[in-house]
Amino acid sequence: MLNYTIRRLIIAVPTLLFIALTIFLLLELAPGDPVANQPLTIPPEVRELMRKALGLGEPMHIRFWKWLVQFFWIEPQVFIDWLTTTSSLAPILPDTDFFIACGNNTAAECDPRILSWQFRSPVMDIVLQRIPQTLWVVGTAYLVAIVIAIPVGVYSAYRQYSWFDNAGTFVTMVGFSVPPFFSGVLVIVIFSVQLNWFPSIYDTMHEVNNWDSFMFQIKQMTMPVMVLALQITSQISRFMRASMLDNLNLDYVRTARAKGMTENVVILAHVLRNSMIPVVTVIALGIPQIFGGAIITEQVFKVNGIGEMLIRAIEANDIPTVQTLTFIFAVLIVIFNLVADILYGILDPRIRYD
Amino acid sequence: MTDATQLDPANEYKPPRNQWLDVWDQFKKHRGALIGAIVFLFIVLGVFLGPLIWAHDAQFVPPVVDMIKLRDTRPIYTVLWESGAKVSWAHPLGTDNLARDYLARMMAGGQVSITVGLAAMTLSLLLGTLIGVLAGYFKRLDGPLMRLTDLFLALPLLPLLLVAVLLFRELLAGALGPEGGVFVLIVSLVGITSWMQTARIVRGDVLALKEREFVIAARSMGTPSRRIVLRHILPNVLSPIMVSATLGIATAIITESALSFLGFGFPPDFPTWGRLLFDAVDRMTLYPERVIWPGLAISITVLSVNYIGDGLRDALDPRIRGR
């Protein structure tokens, strides 16, 4: 298992490098000039200086290498410094000072960070500001979905072709087919416009400090969580049902019943545990997709998370931000693929990778 | 021995049935799939033949005075709960803010959405089948092609689609006109980013088929690889390909609508269901019907296609069929 993990980690490095190169080349080979929408009155030599200031003066391969160094070497240093000095973990951890900021009066040896062209501030700082909103909404939706999907899947499989199973299958099919940009708008029309129960726009500046503000937070999270959870529930409960059905007819279930075990023990202790193996990997594989899918939901409810940040950056032609964010999504996908495979190996002793 | 040739009159001889008739019989038993197929057929006919009956131009904006008079008409059923609503039988689904007939726009939008779905599905099937067959049949290509598939599966597709649309839209619009350019761009992007599942399934099936006796027999007779693939292997992997075809239509329609919804799809005067939804969101408090109709159209189309896929999977599986 350890060997396998190490091997997979080593394979992940060229994969990530290739993805980084793909994203870089896609942005690089595309027609369009980042300074094209500056006024035409700017003289060409000033325009050239502006391009240099954006970091475009050098050849392609050097810029790619610089970006890699920034992403994998400099940004982690900044993150460690932040973790040990300003975050809530700071009192426990020793103070570190790896990162040398670039300023007007610093030495030549400073660490340039990835700068956003829109804000002229480091991309990772903005990402760190945006991530809590995304994690709150998406994370809650994912948890809600898992909590609903597993019992639904188990019961539909246990009573196959009952009315509950048929209704469940239909609802999951609908949840599968209705895209979030429609279900989101539909719940806004129903619950926000007609019934006036929930606010249609997510207020990210809202602070929770007493019971009323907590209730408001719950209220404003309800609709985005509902939309995302519907989608995720339908995927997971389909898998749960199929996996339970595969297991329910196996010999060990009959043996357990023949031994005189109660139905609860047979289903919950024996069948459920075995059926959870593929479902756990599906849950792990779904996590990065949720970040991608949340782009649309964030757009509908105006949650300013990382999905919204990506859309704004694409519209503003902010190439460093787009490149970094897309790569972060890719890293998430690769990591959770790995996690899913390893989990499968740990949970299922029949699987041998070596 | 003669008894065997003498047929029992009660058990009279039936000619062997065509395999596709069996598939159709099984498909009919799946009620959801049958309803899905009828609904999908109805939508396709309505969208492509409807404009012949409802001969309004989806792009027609009346002259200014008429436009102000006719615009923002509500659908005819609004009268049921709001007697003062501005409705007219000339526009059963109402008009938009430029007095364009909404029913005609829905039909025009459906034509584009469904065409994009079918074209992108065809492209992704061709790519997926080609790569799957090559990887499964030729051992030397298996490693590299499957690594390529894994790489594509690890790409964050929606962000990359958005970036690619934004970056290449102008270029293609210049070469092929604004609508044609975006059509080619979206079809090829959706096709290029959705072939991986098909390729994996096809490869698995080809790997198993390659070792079967009929393929070995064909090879021992000196049949060239190209003909083995075309005559013996491809017909046998048709069923997984058909199932992924239906799922491919659904994905393509949703992806196109998502791109249009985020404002990265077709130009504003060129309706697709996703674009109509996107344009209507800003004023959905006043005119919720303009959001609901295109959204319903997308959802019902995708739902019916998914049900067809479900039924096809059961019908094409010989272990389930005939039971």
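Residues numbered from 1 in each chain as written. Chains lettered and ligands numbered in written order. Predicted model: local features only at pLDDT ≥ 70, side-chain atom pairs only at ≥ 80, totals over all residues. Heavy atoms only, no water.

Moving on: helix α3 (residues 31–53) of chain B. Residue and element names in this part refer to chain B. Between its terminal C-alpha atoms α3 stretches 31 Å, which fits the 33 Å expected from 23 residues at 1.5 Å a residue. In the structure, α3 departs most strongly from a straight axis at V47, where the bend amounts to approximately 40° and where the proline P51 lies between one and four residues downstream. Among all positions in α3, only A33, G36, F40, I43, V47 and G50 are buried. Here the buried face of α3 lies against α2 (19–29), α5 (102–137), α13 (273–281) and α14 (289–316). (Helix = DSSP H or I, 4+ residues; strand = E, 2+ residues; numbered from the N terminus. Expected span 1.5 Å × (residues − 1). Bend = angle between axes of the 7 residues up to and from the residue. Buried < 20%, exposed > 50% of the residue type's maximum accessible area, 1.4 Å probe, protein only. Contact = heavy atoms within 4.5 Å.)

Let us look at the side chain of S177 of chain A. By the element assignment, S177 of chain A lies in helix α5 (residues 163–177). We classify S177 of chain A as buried; its relative accessible area is 1%. Here M173 of chain A takes part through its backbone oxygen, which lies 2.8 Å from a polar atom of the side chain of S177 of chain A. Ignoring any residue separated from it by four or fewer positions in sequence, one finds S177 of chain A in contact with I254, S299, V302, L303 and N306 of chain B. (Polar contact = N/O pair within 3.5 Å; in protein donor to acceptor, adjacent residues only side chain to side chain.)

Once that is clear, we can look at the domain arrangement of chain A. Residues and elements named next belong to chain A. Split into domains, chain A comes out as domain 1 (42–116) and domain 2 (128–347). The interface is formed by 8 residues belonging to domain 1 together with 8 residues belonging to domain 2. For the domain 1 and domain 2 pair, buried surface summed over both sides reaches about 670 Å², with 75% attributable to carbon and sulfur atoms. The largest contributions to the domain 1 side of the interface with domain 2 come from W67, F71 and S116, which together make up 59% of the buried area. Counting the contacts that link domain 1 with domain 2 gives 0 salt bridges. Summed over the shared surface of domain 1 and domain 2, the result is 0 residue pairs in polar contact (both at pLDDT 80 or more). By residue class, the composition of the side of domain 1 that touches domain 2 is 7 nonpolar, 1 polar and no charged. (Domains from an automatic or database assignment. Buried area = accessible area lost by both parts, 1.4 Å probe. Salt bridge = Lys/Arg side-chain N within 4 Å of Asp/Glu carboxyl O. Nonpolar A, V, L, I, M, F, W, Y, C, P; charged D, E, K, R; others polar.)

Following the criterion strictly, the structure yields 18 aromatic pairs over all chains and no others. Here the aromatic rings of Y155 of chain A and F164 of chain A are separated by 5.0 Å at their centres, their planes lie at 85°, and the arrangement is edge-to-face. Overall, the relative accessible area of 27% leaves F164 of chain A in the partly exposed class. When the centroid spacing of 6.2 Å and the interplanar angle of 75° are considered together, the rings of W163 of chain A and F164 of chain A count as edge-to-face. On the accessibility criterion, W163 of chain A (70% relative accessible area) is exposed. Through successive ring pairs, a cluster of aromatic residues spans W67, F71, F72 and F327 of chain A. Sitting over the ring of Y287 of chain B, R290 of chain B keeps its end group 4.2 Å from the ring centre. (Phe/Tyr/Trp six-rings, centres within 6.5 Å; stacked < 30°, edge-to-face > 60°. Lys NZ or Arg CZ within 6 Å of the ring centre and 35° of its normal.)

In the structure shown here, the tally under the stated rule is 14 salt bridges over all chains. Across the pair E263 of chain A and R257 of chain A runs a salt bridge whose closest N-O atoms are separated by 2.7 Å. Note that D150 of chain B and R147 of chain B form a salt bridge whose closest N and O atoms lie 3.2 Å from each other. With D150 of chain B and R147 of chain B both in helix α6 (residues 139–154) and 3 residues apart, this pair spans about one turn of that helix. Connected through salt bridges with shared partners, the residues R130, E308, R312 and E315 of chain A form a single ionic network.

Throughout the structure, instances matching the rule amount to 3 cavities of 30 Å³ or more. Estimated volume of the largest cavity: approximately 50 Å³. The wall of the largest cavity is formed by L27, A313, I314, N317, I319 and V322 of chain A together with V163, L166 and L167 of chain B. For the lining of the largest cavity, the secondary structure elements donating two or more residues are α10 (306–315) and α11 (319–347) of chain A together with α7 (157–176) of chain B. Sorting elements by how many residues they give to the lining of the largest cavity places α7 of chain B first, with 3 residues. (1 Å grid on protein atoms, 1.4 Å probe; cavity = no way out; pocket = protein on both sides within 12 Å on 5 of 7 lines; lining within 4 Å. Points joined across faces, edges and corners; volume = space filled by probe spheres on them.)

The next thing to look at is the interface of chain B and chain A. The figure often quoted for interface size is the accessible area lost as the parts come together. Each side of the interface is counted separately: chain B has 36 residues, and chain A has 38 residues. Roughly 3,400 Å² of surface becomes buried between chain B and chain A when both sides are summed, with 86% attributable to carbon and sulfur atoms. For R238 of chain A, the salt bridge goes to D310 of chain B, with nearest N and O atoms at 3.8 Å. Looking at which element gives the most residues to the side of chain B that touches chain A, the answer is α14 of chain B, with 11 residues. In terms of residue class, the side of chain B that touches chain A is made up of 30 nonpolar, 5 polar and 1 charged.

Moving on, we get to the nonpolar core. Nonpolar side chains in soluble globular proteins tend to be buried together. In this structure, W273 and L277 of chain B are the most contacted members of the largest nonpolar core, which totals 158 residues. The element best represented in this core is helix α4 (residues 123–158) of chain A, accounting for 13 residues. Of the domains in this structure, domain 1 (42–116) and domain 2 (128–347) of chain A are the two that each give at least three residues to this core. The residues touching L277 of chain B, leaving out its near neighbours within four places in the chain, are F181, F182 and V185 of chain A together with F261, V291, P294, G295 and I298 of chain B. (Core = buried A, V, L, I, M, F, W, Y, C linked by side-chain atoms within 4.5 Å.)

The next subject is the packing of α5 of chain B against helix α12 (residues 238–261) of chain B. All names here are of chain B. Contact pair α5 / α12: the axes reach a minimum separation of 8 Å and the direction vectors enclose 130°. Taken together, α5 and α12 sit at an angle that is classed as oblique. In this structure, α5 crosses over α12, and the sense of that crossing is right-handed. Side by side, α5 and α12 meet where S113, V116, G117, L118, A120, M121, L125 and T129 of the first sit next to I241, S244, A245, G248, I249, A252, I253 and E256 of the second. Grouping the amino acids of the contact of α5 with α12 by side-chain chemistry returns 10 nonpolar, 5 polar and 1 charged. (Axes fitted to C-alpha atoms, helices over the stretch in contact; angles between N-to-C directions. Parallel < 35°, antiparallel > 145°, perpendicular 65-115°, else oblique. Left-handed = near helix turned anticlockwise from the far one by under 90°.)

The next subject is the environment of V331 of chain A. Residue and element names in this part refer to chain A. Among the secondary structure elements, V331 is positioned in helix α11. On the basis of relative accessible area, V331 is assigned to the buried category, the value being 18%. In this structure the C-alpha to C-alpha distance between V331 and A12, which are 319 residues apart in sequence, comes to 9.3 Å.

Across chain B, the average pLDDT comes to 82, with 94% of residues at 70 or higher. For this predicted complex, the interface confidence reaches an ipTM of 0.79, while the overall pTM sits at 0.83. (pLDDT = per-residue confidence, 0-100.)

All names here are of chain A. Axis separation between α5 and helix α7 (residues 211–248) bottoms out at 8 Å; the angle between their running directions is 135°. Viewed along their axes, α5 and α7 adopt a mutual orientation that is oblique. The way α5 lies across α7 gives a crossing that is left-handed. Of α7, the residues touching α5 (which contributes D165, T169, T172, M173, G175 and F176) are L230, Q231, S234, Q235, S237, R238 and R241. Partitioned by chemical class, the residues of the contact of α5 with α7 number 3 nonpolar, 7 polar and 3 charged.

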